[in-house]
Amino acid sequence: MHLKQFEKISLGFFPTPLVELSRLSHFLGGPKIFMKRDDLTGLALGGNKTRKLEYILADALKQGCDTIITAGAAQSNHCRQTAAAAAKLNLQCHLLLGGDPPLKAQGNLLLDQLFACHIHWTGTNRKGEDIPRLFAQLEAAGKNPYIVPYGGSNELGAMSFIDAVAELEQQNKGSEFSHVIFASSSGGTHAGLVLGKHIYNKTFELAGINIDKETNAALPFEQQIIQLVNSTAKLIKLDYTFSKDQLILNSDYIGKGYGIVGSQEKEAIALTAMYEGILLDPVYTARAMSGLIHLIRSGKIAKSDKVLFWHTGGAPSLFAYADDLDFSQSETAI
Ligand SMILES: *Cc1c(COP(=O)(O)O)cnc(C)c1O
């Protein structure tokens, strides 16, 4: 394996903490639950994209690019972290955001504006379909643009999660984890964890919780993850082929679809906040945590297990979901 040949720049603070959620575990009457706090990567309120950007933007700088283009939803954590990193690196940043501009910017969008990036609203083209056109326009204007893919999910992005498994390995002094659970959406985190698990000979069951319904994707999400695992393995000269029967992508918790908060997500946010003082985000981590809670309650994860929940960040979007997350009725009288 040749990971060292790929340069990385420092954008966050690593290792991120590994903590035990003993009160949540006790409440659920469940297994030991640990959390890898990638919500604390430190780049502009943190998240899993910080890891990916350390490899991806190193490549952009190496290629002498002066402008970054990426795409996402209005509340994209990926776009927020990319805009912050671009500000730090003196790169012009263009964000293509799906939908139409809201009347008032909140959450991640509010933060995007602070990083002085250029925001382009792309209507129904939510996954970067308009990138080639903007790329051509910027080139014609004399810029040297660099495309950061949707969610930072290419081989370089995935590689950062091989390092993340090494980091976890250093931190976990106790017994092996039986399960690693996380929110999966553009596949880079998933692909990197698959490779890290293989390279470091881990035995945990690696289960991504799918948070997004398929929308007109050229390739089904499972296939995208498998391809990314295999193309990343090839790039780092690792002799490994990953196939569909090895992939666990749990699509039982998608509810009404991407970014639509239901009672399960609300419960996951409330329990994690009130038992651990930790914030989940409504779109990704609350959905993944609701999956974990259900797997524990239904006995699919046993009391004797030892689970790692990989917190991938996202809490800035809580504020944009204030209307869906009104917990004021649950305030109790003294
Ligand atoms: C992007 C993101 C994910 C999903 O990671 P992928 O590598 O895109 O699958 C999960 N959680 C949060 C908070 C994210 O921003």
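Here the residue numbers are simple positions, counted from 1 along each chain's written sequence. Local features are withheld for residues below a pLDDT of 70 in this predicted model, meaning they are given only at 70 or higher, and side-chain atom pairs are given and counted only at 80 or more; totals for whole chains, interfaces and linings count all residues. Side-chain numbers come from the whole structure's heavy atoms, not from hydrogens or water.

Participant: Sorry if this is basic, but what is going on with the domain arrangement of the protein chain here?
Facilitator: It is common to give the size of an interface as the accessible area lost on bringing the parts into contact. Domains are outlined according to an automatic or database domain assignment. Considered domain by domain, the protein chain is made up of domain 1 (18-47 + 153-325) and domain 2 (49-152). The gap between the C-alpha centroids of domain 1 and domain 2 is 24 Å. The interface of domain 1 with domain 2 comprises 31 residues on the first partner and 25 residues on the second. If you sort the residues of domain 1 by the area they bury against domain 2, Leu43, Ser153 and Leu156 come out on top, with a joint share of 23%. By convention in these notes, a salt bridge is any Lys or Arg side-chain nitrogen within 4 Å of a carboxyl oxygen on Asp or Glu. For the interface between domain 1 and domain 2, the tally reads two salt bridges. Arginine 51 is the salt-bridge partner of aspartate 38, the closest N and O atoms lying 2.7 Å from each other. We define a polar contact as two N or O atoms separated by no more than 3.5 Å, with the added condition that, inside protein, one atom must be a possible hydrogen donor and the other a possible acceptor, whereas residues neighbouring each other in sequence contribute only through side-chain atom pairs. Our enumeration of links across domain 1 and domain 2 arrives at 15 residue pairs in polar contact (both at pLDDT 80 or more). Under the scheme used here, helices are H or I runs from DSSP no shorter than 4 residues and strands are E runs no shorter than 2 residues, and both carry numbers assigned from the N terminus. Elements supplying a minimum of two residues to the side of domain 1 that touches domain 2: α6 (155-171) and α7 (188-199). Examining the composition of the side of domain 1 that touches domain 2, we find that eight residues originate from one element, α6, more than from any other. Broken down by class, the residue content of the side of domain 1 that touches domain 2 amounts to 13 nonpolar, 13 polar and five charged. Working rule for contacts: check all heavy atoms of both residues, and any pair within 4.5 Å makes them a contact. The buried area of a pairing is the accessible area, by a 1.4 Å probe, that goes missing from both parts when the two are put together, added over both. Any residue that is not Ala, Val, Leu, Ile, Met, Phe, Trp, Tyr, Cys, Pro, Asp, Glu, Lys or Arg is counted as polar, Gly included; the first ten are nonpolar and the last four charged.

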